[in-house]
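Chain and residue survey
Below, each chain spelled out in residue letters.
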There are 2 protein chains.
Amino acid sequence: MTASIRDVARRAQVSVGTVSNVLNTPEKVSPETRERVQSVIAQLGYVRNDAARKLRNGQSHTIGLIVLNGTNPFFTEIAQGAQNRALESGYTVLVGTSNENVKRENTLLSLFAEQQVAGILVSPTGDDLSPLCHLKDGKTPVVLVDRGAANCAFSAVACDDIYGGEVAAEHLLGTGKRKIAFVGGPITSSQISDRWQGAAKAVLKVPDATLRMIETTALTVTEGKRIGQEIAKLPVEKRPDAVFAANDLVALGMLQSLVFAKDIRIPEDIAVIGYDDISYAEFAIVPLTTMRQPAEKIGATSVELLLNAIERPRDKTRQITLKPELVVRAST
Amino acid sequence: MTASIRDVARRAQVSVGTVSNVLNTPEKVSPETRERVQSVIAQLGYVRNDAARKLRNGQSHTIGLIVLNGTNPFFTEIAQGAQNRALESGYTVLVGTSNENVKRENTLLSLFAEQQVAGILVSPTGDDLSPLCHLKDGKTPVVLVDRGAANCAFSAVACDDIYGGEVAAEHLLGTGKRKIAFVGGPITSSQISDRWQGAAKAVLKVPDATLRMIETTALTVTEGKRIGQEIAKLPVEKRPDAVFAANDLVALGMLQSLVFAKDIRIPEDIAVIGYDDISYAEFAIVPLTTMRQPAEKIGATSVELLLNAIERPRDKTRQITLKPELVVRAST
DNA sequence: AAAGTTTTATGAAACGTTTAAACGCCGTCT
DNA sequence: AGACGGCGTTTAAACGTTTCATAAAACTTT
């Protein structure tokens, strides 16, 4: 149906090998032949068959990326950063969303394996990294995104969530707040538990400060809204005077409920801080104070590490940790 | 390096054909053989080589999607809807972002062609659909997303932007506003010019109402902010009393500038309406009135049409038009 | 028991590309 | 004149599947 390298060869009166050379190593072909072949290629609208190519030389120029949530701007920015960096080196990125679902993550993983991806970028859902180790043994490089590697089995671009949690809590304490609620979950995810730990560390340093955990089932706007409503229903003395939301989505949802509760002013009665600094945090109903994570940079750096691992498989794995940064706005 | 179907065959003491049958048509293989083969597959951790598979039977189960802006939630929702629907039918979606750049769009197009995608979903950047026609002649089905097909060359899932523009403007006029500014651009994009036309239609029906165009270079938050500042700088009598932003991103940016201008109240002095109803519109500093587009449904429907075209190439192309819906919030 | 039918397994060809080795040609050097 | 090297080109094998024609074996029917 579509023109193949053989059709081009016939039409240009050369062998298939020569056409292939025009495509891959043009300097090996004499100028006249090269031009003749190129004009036939244009004429026929020939495009390389990537499947045959991949099959022949065993590796593709595609890398797989698995994010936790395809609609969270934090992750779409990571994806954007990754794609741009990958494109620079002639790689394509296949993006998949696990929705924090281990099964879906594994489906994607085997899909990627079937595609013979050159490497995989993954923000893992659970604590169990064994499917990934399995892949690694099979020689597919893997880089962990937004997650530290417990041991040094993987290269990783981590974000210092303990530090981030600490800074966030310190900021709330610094504005005079003492009854802090941490809203996030499920706590099984290491990002969340790290942020919690960081916050706990900061709170311990202030004698009369307290920290409590309000657990969500997912880090979504809807969950944030729900928790916000519950807090608004509480009698005034039982309410926290500050909320540390585990990400901006949750914070945005909470803001929404709290703002419309009639006896709550933000930040005077309840201050709210989020995490990630998604683009919409700035435009929220009350501009949201948050811990900025350099999402694009995370994506780009991950690709960088992965390309490294692809090209020099014997190199040691590398762990890069990026620090979040406090951005103060009206909500605190 | 990695196990192939031949390794499996040898280990299971059968021919390669049989292994292939176990994989593709298990009912043709006797239960004992099948189990033996399957256990060897598990043992060896064998995964199909998709490249070889594609090569052999000429078609892949991948479809390509090109969106205008990978960070606009409207498009990420379309992508989400498309992926989910595609997954149901065993297809994978390759998502690319053109950033409204014709060159990048063509790069992606040829990338997809090399991947032998089964079909392409595209929200085209310019008015020139000839590269797409070219593809179509090459028998790759193409479906236009968020864009009507001028003639019937393509199937398309369009959104009735003229109607949307009209409803939006009518709403503003209905709240007593008379000096309306349309903020959007570049006007070359058909979505934008349709919305503008719709608005013009509504304004014409009201004798003392005026409509003017303020052109942006891109539909981004940054551009919205800039225009907002310019409007705030204008002397009061020259200001519009209502703004129709061509999408929510622009609206959000404008809101940001206008809210912090000291002598402007929203919606009393200036009302703002957006377009798309991205999830963050609801949580904006002033909850944003907007025209809701059913993004997920657009994605899912597009895939539906595309699968149809893939399976029955001779069928007539179909045009589906979805209508947006007015969502009134505090900004008007 | 022979002929026919169904079930199950095999073997080889083909998909389109890349690549290493081989080849022929021409000019240069001994 | 013969050997040598470069250059440009061709040839053929390989990559891992699927498919289809064929063969062998196991039942059914006369």
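Residues numbered from 1 in each chain as written. Chains lettered and ligands numbered in written order. Predicted model: local features only at pLDDT ≥ 70, side-chain atom pairs only at ≥ 80, totals over all residues. Heavy atoms only, no water.

Here we come to the protein's contact with DNA strand C. Around DNA strand C sit 21 residues, and of these I5, Y46 and R56 of chain A together with T18 and T33 of chain B come closest. Within 4 Å of the protein, atoms of DNA strand C come from sugar and phosphate in 65% of cases. Note that a phosphate oxygen of DNA strand C is positioned 3.1 Å from one of the side-chain N or O atoms of R53 of chain A. If you list the elements that add at least two residues to the surface near DNA strand C, you get α1 (5–12), α2 (16–24) and α4 (50–57) of chain A together with α4 (50–57) of chain B. The greatest single-element share of the surface near DNA strand C, amounting to four residues, is contributed by α4 of chain A. For the surface near DNA strand C, the residue count by class is six nonpolar, ten polar and five charged. (Near = heavy atom within 4 Å. Polar contact = N/O pair within 3.5 Å; in protein donor to acceptor, adjacent residues only side chain to side chain. Helix = DSSP H or I, 4+ residues; strand = E, 2+ residues; numbered from the N terminus. Nonpolar A, V, L, I, M, F, W, Y, C, P; charged D, E, K, R; others polar.)

Looking now at the domain arrangement of chain A. Here the domain parsing of chain A yields domain 1 (5–48), domain 2 (62–159 + 295–321) and domain 3 (161–292). Put simply, the middle of domain 1 of chain A and the middle of domain 3 of chain A, counted by C-alpha atoms, are 63 Å apart. (Domains from an automatic or database assignment.)

Residues and elements named next belong to chain A. Relative to strand β10 (residues 289–292), strand β9 (residues 271–276) runs parallel, the two being bridged by four bridges. Across the sheet, residue G274 finds its bridge partner in β10, namely T290. By the bridge criterion, three bridges tie β10 to strand β12 (residues 325–327) in an arrangement that is antiparallel. Bridging across to β12, M291 finds its partner in L326. (Pairing = 2+ DSSP bridges.)

Close to DNA strand D lie 23 residues; T18 and T33 of chain A together with I5, Y46 and R56 of chain B are nearest. The contact atoms of DNA strand D, taken as those within 4 Å of the protein, divide so that sugar and phosphate hold 63%. In the environment of DNA strand D, a base nitrogen lies 3.2 Å from a nitrogen or oxygen atom belonging to the side chain of R56 of chain A. Here A52 of chain B contributes a backbone N or O atom positioned 3.4 Å from a base nitrogen of DNA strand D. Of all the elements in the fold, those that place two or more residues in the surface near DNA strand D are α2 and α4 of chain A together with α1 (5–12), α2 (16–24) and α4 of chain B. A breakdown of the residues in the surface near DNA strand D according to their chemical character gives seven nonpolar, eleven polar and five charged.

A few words now on the sheet that holds strand β5 (residues 155–159) of chain A. Residues and elements named next belong to chain A. Strands sit in the order β2-β1-β3-β4-β5-β11 across an open sheet of six strands; the sheet is parallel. Only two strands of the sheet have a single partner each, and these edge strands are β2 (92–97) and β11 (319–322). Put simply, the sheet's adjacent strands are angled 15 degrees from each other on average, direction ignored. Pairing geometry for strand β3 (residues 119–122) and strand β4 (residues 142–145), over three bridges, is parallel. Paired with V122 across the two strands is L144, which belongs to β4. Seen against the sheet, helix α12 (residues 295–311) touches β1 (62–67), β3, β4, β5 and β11 and runs at an angle of roughly 165 degrees to β5. (Axes fitted to C-alpha atoms, helices over the stretch in contact; angles between N-to-C directions. Contact = heavy atoms within 4.5 Å.)

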